[in-house]
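Read off the chains here:
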Amino acid sequence: MSASGSLQKRLGVGLTLGMTLLWLAATVGTWRVVQHELDEVFDSALEETAQRILPLAVLEISNREEPQSAQLVATLKMHKEHLTYLVRDARGKILMQSHDANPKIFRKTPAEGFSTTEKYRLYGASALRDSVFIEIAEPLDHRREAAREALLALLLPLLALIPISLVGTWLFVRLSLRSVMAYRRAVEARGAGDLSPIKVLRLPAEIDPLAEAVNHLLKRLRKTLEAERSFTANSAHELRTPLAATLAQVQRLRQEAPEGPLRLRAAKIENSLRELARLSEKLMQLAKAEGGGLLAQRPQDLIPLLAHVVDEWRQSSGRQIELLLPAQAGVYSTIDPDAFGILLRNLIENALKYGATEHPLEVSLSDQAQLRVVNGGPVVPPARLQRLTERFVRGQSDASGSGLGLAIAKAIVLGINGQITLASPAKDRQDGFEVSVWLPLASTTQG
Ligand SMILES: Nc1ncnc2c1ncn2[C@@H]1O[C@H](COP(=O)(O)OP(=O)(O)OP(=O)(O)O)[C@@H](O)[C@H]1O
Ligand SMILES: [Mg+2]
């Protein structure tokens, strides 16, 4: 996932690691207790056996004709002994031994109590005032195997627990974060112009204040932007009437002025006023493009709108404009018809103004609602091309303009969640300029 790290992964790994460590600590503790208890049980069995055998051995020895001779206890059936024993006198002379007993594993001189050698656990007891000793040896292997099995039984569940914990945490966190994901999608799905509050149900208590803060911020941003836009729109609107009146006055002045420098100066003023009027018109368009209301309530068929605007330009400019339309009957989009008109007018105006006059201008609409406006002319360098959609940025041209047309087009396209790309040279050509716009397509059944 992203460089900031996934919560799901962190919790999954962290909890599993924690659980594994705790389990291991618990296993070690339990294992030590089990080992201790096992030792106690085995020791008590050893002691019990010694105490049982000793009186019998003493009786047997004292009944012998030659008490001091050693005797191997015969077995009824050959078997491998688990416990072996020696009966010795105080000096260590063997008086009796079990058939499998190996005297080397016992201490040199007999002693009472428990002791442990490398491989055996020994227990000694005495009778007849320390003159007869019995010692029993039990191999340690037996105890070790029991302890090993106990340890294995404690560790085995971990094999299943680790994957269960990983998958479980992953699923649980995913489930818990569902509403956060929905919130993220709601934010991502927004167009640049949509600053309405984001509503998501049942966010976790930790995230809820964040969502509230975001909505609060959006509200403040919306208010600020609205104030800025309404100021631009109002100023442009307020300028319109006095500008029109002044223009009319200047036109009359020019007509009435005698042939000469005064008429020329009046003509210059008239031109500047026209530029001013155009600028205020563009500012109004920009204010509309950056404001809301770029999406229509119901999907509109773009074909008649496009044909109408192209016809208008054909008549007003007297230039040839090729219009390429898809074969199907209608292309429906959710863009507001006024916004679509503004977008189209700016793109066609540019193509007529900056395109080479010897090439016809090409306007096309695909069935996927991709609008292309292509004109001939010199190639625009990539570094300049990138910046053309910024406000008040213009290319190298003698034609007058304010540098707002493409900024208006971009603002409209972002506001409807579409996409705009500029290309120079135009696609499949060596020269020229191309603007492509992907408009949001609406299914025709809605229209
Ligand atoms: N179709 C085109 N062919 C060649 N260059 C273009 C084309 N469209 C735009 N440009 C270049 O991009 C620049 C910016 O265009 P934009 O429409 O934003 O501003 P403008 O046309 O200069 O002014 P305005 O549209 O505000 O009157 C233009 O100055 C021009 O150099
Ligand atoms: Mg322009």
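Each value, and the rule that gives it
Residues numbered from 1 in each chain as written. Chains lettered and ligands numbered in written order. Predicted model: local features only at pLDDT ≥ 70, side-chain atom pairs only at ≥ 80, totals over all residues. Heavy atoms only, no water. Core = buried A, V, L, I, M, F, W, Y, C linked by side-chain atoms within 4.5 Å. Buried < 20%, exposed > 50% of the residue type's maximum accessible area, 1.4 Å probe, protein only. Helix = DSSP H or I, 4+ residues; strand = E, 2+ residues; numbered from the N terminus. Contact = heavy atoms within 4.5 Å. Pairing = 2+ DSSP bridges. Axes fitted to C-alpha atoms, helices over the stretch in contact; angles between N-to-C directions. Near = heavy atom within 4 Å. Polar contact = N/O pair within 3.5 Å; in protein donor to acceptor, adjacent residues only side chain to side chain. Areas by Shrake-Rupley, 256 points an atom, 1.4 Å probe, with all protein chains shown as cover. Parallel < 35°, antiparallel > 145°, perpendicular 65-115°, else oblique. Left-handed = near helix turned anticlockwise from the far one by under 90°. Nonpolar A, V, L, I, M, F, W, Y, C, P; charged D, E, K, R; others polar. Domains from an automatic or database assignment. Salt bridge = Lys/Arg side-chain N within 4 Å of Asp/Glu carboxyl O. Phe/Tyr/Trp six-rings, centres within 6.5 Å; stacked < 30°, edge-to-face > 60°.

K.L.:
Which parts of the structure should I look at to understand the nonpolar core?
P.N.:
As a rule of thumb, soluble globular proteins bury nonpolar side chains together. Residues Phe-340, Leu-343, Leu-347, Ile-348, Leu-371, Val-437 and Leu-439 are the most contacted members of the largest nonpolar core, which totals 45 residues. Those elements giving two or more residues to this core turn out to be α5 (261–290), α6 (302–317), α7 (337–354), β10 (361–365), β11 (370–375), α9 (405–415), β12 (419–423) and β13 (433–438). For this core, the element with the most residues is α7, which contributes nine residues. Once residues lying within four places of it in the same chain are set aside, the contact partners of Leu-347 are Leu-371, Val-373, Leu-406, Ala-409, Val-435 and Val-437. Core analysis: the next-biggest nonpolar cluster, separate from the first, contains 17 residues, Leu-46, Ile-53, Leu-54 and Ala-57 among them.

K.L.:
Just checking my understanding: could you explain the sheet that holds β13 for this structure?
P.N.:
The strands making up a sheet are joined through hydrogen bonds of the backbone, oriented either antiparallel or parallel. Strand order across the open sheet formed by five strands is β8-β10-β11-β13-β12, with mixed pairing between neighbours. With one partner strand each, in any of the chains shown, β8 (321–324) and β12 form the two edges of the open sheet. On average, each strand axis in the sheet is tilted by 10 degrees relative to the strand beside it, whichever way the strands run. In this structure, β10 lies alongside β11, joined through four bridges in antiparallel fashion. What sits directly across from Leu-365, in β11, is Leu-371. Across the sheet, α7 is in contact with β8, β10, β11 and β13; its angle to β11 comes to roughly 20 degrees. Contacting β12 and β13, α9 crosses the sheet at an angle of about 145 degrees to β12.

K.L.:
Is there a simple way to think about the site of ligand 1 in this case?
P.N.:
The immediate surroundings of ligand 1 are formed by 19 residues, with Asn-350, Tyr-354, Asn-375, Arg-394 and Ser-402 found nearest. Take Arg-394: an N or O atom from its side chain is 2.5 Å from an oxygen atom of ligand 1. Between ligand 1 and the protein, one listed contact pairs an oxygen atom with a side-chain N or O atom of Ser-402 at 2.7 Å. Its free accessible area being 590 Å², ligand 1 has 96% of it covered by the protein chains. Among the elements of the structure, α5, α7 and α9 are those that each provide at least two residues to the shell around ligand 1.

K.L.:
I tried to follow the packing of α5 against α7 on my own but got confused; where do I start?
P.N.:
In the contact formed by α5 and α7, the axes pass within 11 Å of each other and the chain directions differ by 135 degrees. Comparing the axis directions of α5 and α7 gives the class oblique. Crossing hand, α5 versus α7: left-handed. Together, Arg-278, Lys-282, Gln-285 and Lys-288 of α5 and Asp-338, Ile-342, Asn-346, Glu-349 and Lys-353 of α7 make up the contact between the two elements. The residue makeup of the contact of α5 with α7, split by class, is one nonpolar, two polar and six charged.

K.L.:
Teacher, can you tell me more about the environment of Thr-357 here?
P.N.:
On the secondary structure map, Thr-357 appears in the loop between α7 and β10. Spatially, the C-alpha atom of Thr-357 lies 28 Å from that of Leu-439, the residues being 82 residues apart in sequence.

K.L.:
I'm lost on the packing of α6 against α7 in this one. Help?
P.N.:
Contact geometry of α6 with α7 gives a least axis separation of 10 Å together with a crossing angle of 40 degrees. Here α7 runs oblique to α6, going by the angle between their axes. Here α6 runs over α7; the crossing is right-handed. Across the interface between the two elements, Leu-302, Leu-305, Leu-306, Val-309, Val-310, Glu-312, Trp-313 and Ser-317 from α6 touch Pro-337, Phe-340, Leu-344, Arg-345, Ile-348, Glu-349 and Leu-352 from α7. A per-class count over the contact of α6 with α7 returns eleven nonpolar, one polar and three charged.

K.L.:
Before we go on, may I ask you to explain the pairing of β12 in this structure?
P.N.:
Each regular strand shows side chains that alternate between the opposite faces of the sheet. A one-sided burial pattern is seen for β12, the buried positions being Ile-420 and Leu-422 and the unburied ones Gln-419, Thr-421 and Ala-423. Of the strand pairs in this sheet, β12 and β13 are connected by five bridges, and their pairing is antiparallel. Across the sheet, Ile-420 pairs through a bridge with Val-437, a residue of β13.

K.L.:
What is the right way to read the domain arrangement of the protein chain from this model?
P.N.:
The extent of an interface is frequently quoted as the accessible surface area lost upon association of the parts. Under the domain assignment, the protein chain is made up of domain 1 (7–157), domain 2 (188–292) and domain 3 (293–446). Taken over C-alpha atoms, the centre of domain 2 sits 21 Å from the centre of domain 3. Here domain 2 and domain 3 share four salt bridges between them. One salt bridge in this structure joins Arg-278 and Glu-349, with 3.3 Å as the shortest N-O distance. Our count for the contact surface shared by domain 2 and domain 3 stands at seven residue pairs in polar contact (both at pLDDT 80 or more). Among the elements that line the side of domain 2 that touches domain 3, the one with the most residues is α5, at ten residues. The residue inventory of the side of domain 2 that touches domain 3, partitioned by class, reads six nonpolar, five polar and seven charged.

K.L.:
I tried to follow the packing of aromatic side chains on my own but got confused; where do I start?
P.N.:
Centre distance and the angle of the planes are the two values used to describe a pair of aromatic rings. Inspection of the entire model under this criterion finds one aromatic pair. For the ring pair Phe-114 and Tyr-123, a centre distance of 4.6 Å and an interplane angle of 45 degrees mean the geometry is tilted. A relative accessible area of 8% places Tyr-123 in the buried class.

K.L.:
I'm lost on the environment of Arg-372 in this one. Help?
P.N.:
If you trace the backbone, Arg-372 turns up in strand β11. Spatially, the C-alpha atom of Arg-372 lies 9.9 Å from that of Leu-344, the residues being 28 residues apart in sequence. Not counting residues within four places of it along the chain, the set of residues in contact with Arg-372 comprises Glu-362, Val-363, Ser-364, Lys-427, Glu-434, Val-435 and Ser-436. A polar side-chain atom of Arg-372 sits 2.9 Å from a polar atom in the side chain of Glu-434.

K.L.:
I'm lost on the side chain of Ser-424 in this one. Help?
P.N.:
Take Ser-424: it is sitting in the loop between β12 and β13. A relative accessible area of 14% means that Ser-424 is categorised as buried. Among the polar contacts listed, one links the side chain of Ser-424 to the backbone nitrogen of Val-380, at a separation of 2.8 Å. Reaching out from Ser-424, the side chain makes a polar contact with the backbone oxygen of Gly-432 at a distance of 2.9 Å. Sequence-distant contacts of Ser-424, defined by excluding residues within four places in its chain, comprise Pro-378, Val-379, Val-380, Leu-385, Gly-432 and Phe-433.

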